[in-house]
Amino acid sequence: MKSLYFVILVSILGGFVSTVFRSEKLAKGAGIAIWILLVAAFIAVQQGILDSAGAVLLTVGLTAMAAFPIVAHEAVRKQAVWALPMLLVPLAGLGTITPLVDRNSVMLVVAALAATVAGLSMVLGAAVLRSPRGLMAVPVATLAAVTLLGFTRSPLATGFQLPLAGPDGPVYWELASVEGMPEGLRLLTTNTSEWFVGILAFFAGFELLLVFLVLLVRDEAKLKKAAHVFKGLPVAISLIGLFRPDSLALPDAQPYRDFTRLALQTRQVDPIMAESARFLQTDGLTLDRVGMRPDFVLLAFGALVLMFAGWKILKELPDAPLASRDLFARGVAFLWLGWFLTMFFQASLMGSLGLHAPGEWIHLGLVILSTSLLLLSWRHSTRIGSRFAAWSPGILVAAWVLFAAVAWSYRSILGFSVTLG
Amino acid sequence: MKTSKSNTSSILIDRAWRLLVQPATIGLLLLVASLILLVGPMNAIPSSVTYSWWTAGYQAEGMARAAASLLAMAGVLGIGLLFNRWNLVKGVPSDAPSDGAKSGKSTWIPAIGVALMSLGAVGAALLWMFAQTSISATNVSLPVGRTIEAYPAESGTGFMRVMLPSRLKVRSLDIEAGVAELELSKVGEAGVVQPLEVGRPVDIEGMRYALVGIEYDPRVVRGVFSSRDADTISATASLGDTFKVTVDGPEYKVTQVIRDYLNILGPAVEVESETTGRFWLFQRATPIKNFETPNGLRLDTLESAPVAIIGVSRGEPTELFGAAGIVFLLGLGLFLAKRDRVFGKTKDGEGAWSLNEAHSLEEVS
């Protein structure tokens with residue numbers, strides 16, 4: 001069985017590698033071989049010969065195949081290859097958030113996420129093949145998402161909150177078990193740091209400046225001149241890297257105590273018990289980098305998209321509407337695949353098609369929205385169609401990013417009815 | 001020029017067909033359907049801060065039906081669209097020149113792929129939407145030993161209690177193996193024990209039970225008890241459980257579990273039996289001097305009790321959904337397998353179709 005994995009893996013890698021060669025014949029042969037192997041793998045998964053790890057390989061393989069003709073064509077390859085690293089950034093973030101108990105289902109979750117992210121990267125690729133203006137919704141969405149995460153991190157504090165960590169991991173405010181409330185109370189502790197939030201705001205401001213530059217400067221020659229500002233992006237990113245807060249203070253305990261008192265009162269327990277609640281760690285507090293990971297991933301992702309836009313403007317890469325539409329269509333197909341795999345996961349784990357939760361409604365809503373935008377932009381030579389074709393891939397990626405952030409602010413993964421710890 | 005009545009109506013139908021069977025029309029229908037799905041649940045956002053909205057059951061039958069009918073309409077128009085394409089391909093001679101791209105006979109594969117994908121996706125989405133109109137599945141957190149006879153489910157207007165056909169209790173939980181033992185019992189009858197594995201839902205009496213996850217919840221604690229008697233067997237019990245520490249000794253019920261009594265006395269458990277009444281057990285020294293616990297009962301320690309998360313649902317079949325998934329996957333494979341571009345002449349002049357074609361940067365309308 002392991003050898004089967006190996007064969008599939010090698011064929012997928014081979015598929016990617018063969019695209020580097022210019023020989024179309026070789027690329028075609030590799031494509032057919034991958035296709036046959038993937039059908040075999042799918043049957044194996046259905047028959048129970050392969051477990052859900054096979055599903056992952058299947059997805060990765062299909063992705064490889066989907067990217068295939070795009071990458072194989074020389075004229076488009078140079079652009080599409082640049083879209084691939086963008087796929088890796090959100091994947092790296094997602095890979096860290098699969099804390100489910102059942103190890104087998106985790107693989108199915110990974111497959112579903114991989115399909116969705118692959119689909120999104122293709123939609124992003126579709127945006128990349130068009131004018132850089134259509135891409136601009138994405139960095140704006142990542143900034144909005146980071147803001148959302150910061151403001152919803154704590155239910156007790158207003159403003160942009162940063163998670164705190166001590167030597168033993170995240171800091172909690174805890175009320176031990178008391179009579180009448182045996183489960184106690186546990187709250188994640190957050191605080192803010194004005195100068196660090198200032199640096200984030202500076203970075204956001206710089207990104208927004210670039211976005212407005214691309215959107216408002218209509219003259220191509222002027223835009224190209226102005227695009228040199230994009231070279232400042234790495235400096236702005238390294239600012240965040242260099243100036244991370246090394247020490248953060250505990251927040252004011254009063255709101256936490258008030259909340260605890262309220263929680264006790266609603267359970268008809270004497271609120272005096274709230275006096276025994278305390279922060280579990282008090283010394284050596286820093287920024288919780290694990291907790292901030294989604295924020296950093298989002299910031300890096302937005303910056304990457306902007307860097308790519310800048311590069312595209314400076315190199316004066318052409319607009320490719322048909323190739324863009326094709327990639328868009330594939331992307332939508334993969335978003336549907338992601339939805340199917342998510343539902344398979346729910347069905348195999350729970351025995352039902354999910355929990356009828358808003359997260360599931362929104363997931364399917366986004367998939368149907370993607371399909372509808374694809375169809376609206378299908379006739380890209382008509383007046384309305386061309387508008388949709390130019391703008392909708394970028395706006396679509398932005399919508400997915402935003403809803404993923406909303407899901408995360410509810411401690412969940414988009415599409416999955418699980419609440420993370 | 002005179003036109004007969006049937007001719008006029010056929011022209012009207014022709015016009016309507018051309019107006020309706022357009023990608024943009026289908027796109028518009030889908031756009032409305034997607035907005036229903038995206039905006040609908042926002043109605044249910046609770047006013048207070050809570051993390052449960054996103055994953056808690058939500059039900060809006062009307063909206064699910066509206067989205068389903070829009071989707072079904074879009075599906076029907078989609079068939080028309082593919083029919084148009086078929087007409088176009090039919091008129092193309094196999095040796096027609098089409099600037100190097102493939103045309104004619106070999107081009108049916110991606111189109112069939114799209115047809116299958118649409119069929120699978122629309123079918124599955126419709127199944128999902130109709131599933132939204134029934135009582136939702138619910139994840140119930142059950143500490144070992146707790147018995148329930150109903151579970152809360154979302155019902156459009158609020159939570160309602162859905163009675164289970166039998167009382168449900170988690171007898172044991174093996175975290176390493178991911179197996180729970182369920183005990184299903186009717187009042188006055190001995191229970192039936194049913195092992196439940198992660199990823200293997202079980203159908204019993206029309207209900208489907210699934211072990212969705214295991215939490216080692218530090219907030220749920222259980223006591224480990226023993227006694228000073230010679231033949232003592234140490235026993236563990238959570239809140240509400242009964243236990244014995246000697247074979248023929250009395251049965252105690254745990255009525256309260258507290259981690260730190262008054263924040264100074266440490267772990268404490270209140271137990272009750274028929275012969276002794278209620279009394280407190282302390283892990284550390286007893287606060288009341290010369291207090292002898294009945295039968296020398298001791299609280300050895302408190303430990304975290306595992307909690308099983310059991311997914312409870314009406315056992316609705318998911319096979320049809322799986323079939324839709326297979327149709328979709330087949331379609332996806334066909335869609336990706338070949339490039340496709342067709343040129344042809346239609347009544348309206350030159351027409352072109354392009355599906356899954358990324359080989360050319362040239363413009364095709």
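Residues numbered from 1 in each chain as written. Chains lettered and ligands numbered in written order. Predicted model: local features only at pLDDT ≥ 70, side-chain atom pairs only at ≥ 80, totals over all residues. Heavy atoms only, no water.

**What about a nonpolar patch on the surface?**
All names here are of chain A.
Working step 1: There is a patch of nonpolar side chains on the surface, built from Val140, Leu208, Phe212 and Leu216 and spanning about 370 Å² of accessible area.
Working step 2: Counting residues per element, the nonpolar patch draws most heavily on helix α7 (residues 194-216), which supplies 3 residues.
Working step 3: Checked against the element boundaries, Leu216 lands in helix α7. (Patch = residues over 30% accessible without salt bridge, like charges linked within 9 Å, V, L, I, M, F, W, Y side chains within 5 Å. Areas by Shrake-Rupley, 256 points an atom, 1.4 Å probe, with all protein chains shown as cover. Salt bridge = Lys/Arg side-chain N within 4 Å of Asp/Glu carboxyl O. Helix = DSSP H or I, 4+ residues; strand = E, 2+ residues; numbered from the N terminus.)

**Description of the sheet that holds strand β6 (residues 278-279) of chain A**
All names here are of chain A.
Working step 1: Reading across from one edge, β4-β3-β6 is the order of the 3 strands in this open sheet, with antiparallel pairing throughout. Edge positions in the sheet fall to β4 (185-188) and β6, since each of these pairs with one other strand and no more.
Working step 2: Two strands pair when backbone bridges link them, and strand β3 (residues 172-175) and β6 are joined in this way by 2 bridges, in the antiparallel orientation. When the bridges of β6 are listed, Trp173 appears paired with Phe279. (Pairing = 2+ DSSP bridges.)

**Quick look at the confidence of the model for chain A**
Should the pLDDT be low somewhere, the predicted coordinates at that spot are not to be read in detail.
All names here are of chain A.
Working step 1: Within chain A, residue pLDDT values average 76, and 72% of them lie at 70 or more.
Working step 2: Element-level mean pLDDT values for chain A span from 51 in helix α4 (residues 74-94) up to 93 in helix α13 (residues 358-376).
Working step 3: Here residues 16-22 is modelled with pLDDT under 50, and outside its nearest four sequence neighbours on either side it reaches 12 contacts, counting other chains as well.
Working step 4: A low-confidence stretch, residues 90-101 (pLDDT under 50), is modelled with 21 contacts involving residues beyond four sequence positions or located in other chains. (pLDDT = per-residue confidence, 0-100. Contact = heavy atoms within 4.5 Å.)

**As for the pairing of strand β11 (residues 252-258) of chain B**
Residues and elements named next belong to chain B.
Working step 1: For β11, the buried fraction is high: 5 of the 7 residues fall into the buried class.
Working step 2: Here strand β10 (residues 242-243) pairs with β11 via 2 bridges, running antiparallel. Within β11, the position partnered with Phe243 by the bridge is Tyr252. (Buried < 20%, exposed > 50% of the residue type's maximum accessible area, 1.4 Å probe, protein only.)

**Points about the packing of helix α6 (residues 137-152) of chain A against α7(A)**
All names here are of chain A.
Working step 1: Relative orientation of the contacting elements α6 and α7 amounts to 160 degrees, with a least axis distance of 10 Å. Between α6 and α7, the crossing angle belongs to the class labelled roughly antiparallel. The chirality of how α6 crosses α7 is left-handed. When α6 is examined against α7, the residues Pro139, Val140 and Leu143 are found in contact with a partner set consisting of Ala204, Glu207, Leu208 and Val211.
Working step 2: Looking at the contact of α6 with α7, its residues break down into 6 nonpolar, no polar and 1 charged. (Axes fitted to C-alpha atoms, helices over the stretch in contact; angles between N-to-C directions. Parallel < 35°, antiparallel > 145°, perpendicular 65-115°, else oblique. Left-handed = near helix turned anticlockwise from the far one by under 90°. Nonpolar A, V, L, I, M, F, W, Y, C, P; charged D, E, K, R; others polar.)

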